[in-house]
Amino acid sequence: MDWSLQVHETCLKAYRKLAVLRSVKLLHRNTLDLLYKLTVRSVIDYGLVVYGTSLKVSDLKRYEQIQYKAGKLITGALHLTSSEKINKELGWESIRERIDFLGLSLFHKINYCETRPLIRSCLTSRIMRNESRQVGNYNRYPNYGTKFSNSYFPYFSKKWGTVQCSTRNLMLFNDYKDRLKINLKPDKLRHYSYGSRLGNKLWTRLRLGRSFLNSHSFAIGRSDSPTCLCHYKNETSLHYLLDCFLYTVERQSLIDQVNQLVTNFDRLSKIEQVDLLLFGIPDNEQFQTNIDLAKLVQTYIFQTKRFLIRL
């Protein structure tokens, strides 16, 4: 069955919801993220678990494009920013991973008889031979062609066999779903959303590698040269944050305050230092420290006035 008409109608509805989201784009990043999931993604999700595995690549790209536009709106990312980086920034899965997550979540309910009996009757018998490596999995469906193989039951009964036994054996749906999120969804780092709307947007662009720094603009043909205003050959995030002599006073203030938060900051390499300033400390127990770092870096960005003209 060709689902292109369904995709077309869903995209029209999603774009109308996205237009509403764009009208309130000055709201806090977390608020916009929640609104996207409630209004736009909910439209895409409707029925996706049924026909998602049968979609053509071009139809999947249409959904990915909607999510990409929403991600740029929420984060303030510039055009041509990597969609994979935006998804990781927001802790979103791709549409293909979203289909797998929704499908496997529903399959858990079917497997544990939490749906109508008629639905369960669509499954094949289970492999019960203890000597088999596939014990507990469902037998394969007959090969009736690619379209049939990509339909819900053949696809997800096979996909279910790839899920770890420790995850499949979790009978409580919420426990299973939480474990599935670990495998299919990127971690959402909460400190990425702290700071003012404008400061957070400028900080995020540096982290995503697509800002108005000359090296970033030159890579996509938006600047004639990657040279910094101080005439250094390459104005990268590292140069802007740690080396450029034009911002010596602002940088000294930043470094002094960061040293109070991170005791070994001076002993880190420059690459490690810039990663810490852009991404924070990779430790969930350092949440408050990461918030403080985010605010300090955003203050530095404002004080340098490097992005004052083009926002």
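Structure: see above.
Residues numbered from 1 in each chain as written. Predicted model: local features only at pLDDT ≥ 70, side-chain atom pairs only at ≥ 80, totals over all residues. Heavy atoms only, no water.

Draft legend 1. Spatial organisation of the side chain of Thr81. Counting through the fold element by element, Thr81 comes out in the loop between α4 (57-75) and α5 (83-90). Not counting the four nearest positions on each side in its chain, Thr81 is found in contact with Tyr68, Ile86, Leu208 and Arg210. (Helix = DSSP H or I, 4+ residues; strand = E, 2+ residues; numbered from the N terminus. Contact = heavy atoms within 4.5 Å.)

Draft legend 2. Highlighting the layout of surface pockets. Each pocket or cavity is described by its volume, and for the largest pocket that value is around 620 Å³. Lining the largest pocket are 21 residues, with Leu189, His191, Tyr192, Phe279 and Pro282 positioned closest to its centre. Of all the secondary-structure elements, those providing two or more residues to the lining of the largest pocket are α5, α12 (197-208), α16 (270-279) and α17 (287-304). Taken together, the residues of the lining of the largest pocket break down into 8 nonpolar, 4 polar and 9 charged. (1 Å grid on protein atoms, 1.4 Å probe; cavity = no way out; pocket = protein on both sides within 12 Å on 5 of 7 lines; lining within 4 Å. Points joined across faces, edges and corners; volume = space filled by probe spheres on them. Nonpolar A, V, L, I, M, F, W, Y, C, P; charged D, E, K, R; others polar.)

Draft legend 3. Up close: the pattern of salt bridges. Counted under the stated rule, the structure contains 11 salt bridges. Here Asp33 ties to Lys188 by a salt bridge, and the two come within 2.9 Å at their closest N and O atoms. Placement of the pair is Asp33 in helix α2 (residues 29-45) and Lys188 in the loop between α11 (173-184) and α12, with a sequence separation of 155 residues. Assessed through its relative accessible area of 3%, Asp33 is described here as buried. When the shortest N-O distance is used, the salt bridge between Glu235 and Arg306 registers 2.8 Å. In this pair, Glu235 sits in the loop between α13 (214-219) and α14 (237-243) while Arg306 sits in the segment after α17, placing the two residues 71 residues apart along the sequence. Taken individually, Glu235 and Arg306 each receive the classification buried, so the pair is uniform in this respect. Shared partners join several salt bridges into a network, and the residues in it are Arg41, Asp45, Glu93, Arg98 and Lys185. (Salt bridge = Lys/Arg side-chain N within 4 Å of Asp/Glu carboxyl O. Buried < 20%, exposed > 50% of the residue type's maximum accessible area, 1.4 Å probe, protein only.)

Draft legend 4. Molecular detail of unusual backbone geometry. Positive phi outside glycine occurs at Leu80, with the angle close to 75 degrees. Mapping Leu80 onto the fold places it in the loop between α4 and α5. Phi at Cys113 takes a positive value of approximately 60 degrees, unusual for a residue other than glycine. Note that Cys113 resides in the loop between α6 (95-111) and α7 (117-120). For Cys113, a relative accessible area of 54% gives the class exposed.

Nothing here speaks to function; it is all geometry.
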